[in-house]
Amino acid sequence: IRRLGHGNAMAQSFNHTILPLDKIEDARLQIMWGVEDFIARYGREPEGMWLPEAGINEKVIDILAEAGIKFVVLSPWQCNCVENPDTHQMESLQGKPAPYSQSYILTGEKGREISAFFYHPGLAEGISFGHALRDADSLYQTLVNIRNADGRPLIHTATDGEIYGHHEPFGDMALAALIRKVTERGDFELTNYATYLSSHPARLHAQLHKGEEGKGTSWSCSHGVSRWYKDCGCHTGGEEGWNQAWRTPLRNALRNLGDKLDAVFSKRIKEILMRKA
């Protein structure tokens, strides 16, 4: 904050629920708790929020805006179309990734707006699956190559945290070495999303894919958010005949239990408060 005027940290919704699949009351609670947790830890309001599995839809956009969240980070494959800067018409990406070097305006069902950054897909893939964290010098050169090829003012990406030391041993050390190289050399300047957004506010609009059954999208299910409520076909490999058909009855059972618990809580809390009054 002293260096840039904005902090690096982003809030996250409190539990790892898939927000587009939550009841609206539960999604709002997850986001509110995430904001309050951030304030308790950092002593300031959050500007951005990381969404579990980058799960989002128009309902979630509205709730984020209501909570004062300014931006989110999403997969470039979640974006369906972006506004042409010359004609201001929405143009389909036709399966191409969304541009990574600027933020875009997302609009919710109620017309509320937040900004979205779509991360660099090649850089994310290289870090997550291409062992880019085995060599900080090579990764630094990858950044230089991206800058030289694209000439864009911003390079950024997003990956799972467990990459850095768990999936990629010593990946945290490679990241630390990369940051040191960036600070010591003159090719780049380290910033953060909130700082960049303050000086480069989103001007153009983007529209996300609706996702299967119109439920929304995520960064880890090509169908949208289906892998968390049915056998959509997404899997990491497993035994022959393995499937996710169990997810539908499990989610339905937990949702039914949750509804009954909510009803009990609502009834009992009214009785307690009325009795105290």
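What this report covers is the structure whose coordinates are included nearby. (Residues numbered from 1 in each chain as written. Predicted model: local features only at pLDDT ≥ 70, side-chain atom pairs only at ≥ 80, totals over all residues. Heavy atoms only, no water.)

## Digging into the sheet that holds strand 7 (residues 113-118)
Strand order in the open sheet made by the 3 strands is 3-7-6, with mixed pairing throughout. Each edge of the open sheet carries a strand with a single partner, namely strand 3 (71-74) and strand 6 (103-107). Averaged over all pairs of adjacent strands, the angle between strand axes in this sheet comes to 40 degrees, irrespective of strand direction. Pairing geometry for strand 6 and strand 7, over 5 bridges, is antiparallel. Across the sheet, residue Y104 finds its bridge partner in strand 7, namely A116. (Pairing = 2+ DSSP bridges. Helix = DSSP H or I, 4+ residues; strand = E, 2+ residues; numbered from the N terminus. Axes fitted to C-alpha atoms, helices over the stretch in contact; angles between N-to-C directions.)

## Describing a nonpolar patch on the surface
Taken together, the side chains of W246, L250, L254, L257 and L261 make up a nonpolar region of the molecular surface, amounting to roughly 510 Å² of accessible area. Summarising the element assignment, L261 is placed in helix 7 (residues 247-276). (Patch = residues over 30% accessible without salt bridge, like charges linked within 9 Å, V, L, I, M, F, W, Y side chains within 5 Å. Areas by Shrake-Rupley, 256 points an atom, 1.4 Å probe, with all protein chains shown as cover. Salt bridge = Lys/Arg side-chain N within 4 Å of Asp/Glu carboxyl O.)

## Some details on the pattern of salt bridges
Evaluation of the coordinates by the stated rule reveals 16 salt bridges. For E47, the salt bridge identified is with K70, shortest N-O distance 3.4 Å. Taken together, the residues span a long stretch of sequence, with E47 in the loop between helix 1 (24-42) and strand 2 (49-50) and K70 in the loop between helix 2 (58-66) and strand 3 at a distance of 23 residues. The shortest N-O distance in the salt bridge between E212 and K230 comes to 3.1 Å. Residue E212 is located in the loop between strand 8 (206-208) and helix 7, and its partner K230 is located in the loop between strand 8 and helix 7; the two are separated by 18 residues in the primary sequence. Residue classification places E212 among the partly exposed residues on the basis of a relative accessible area of 29%. In this structure K230 comes out as partly exposed when scored by relative accessible area, which is 21%. Members of the salt-bridge network, linked through shared partners, are R28, E66, K110 and R112. (Buried < 20%, exposed > 50% of the residue type's maximum accessible area, 1.4 Å probe, protein only.)

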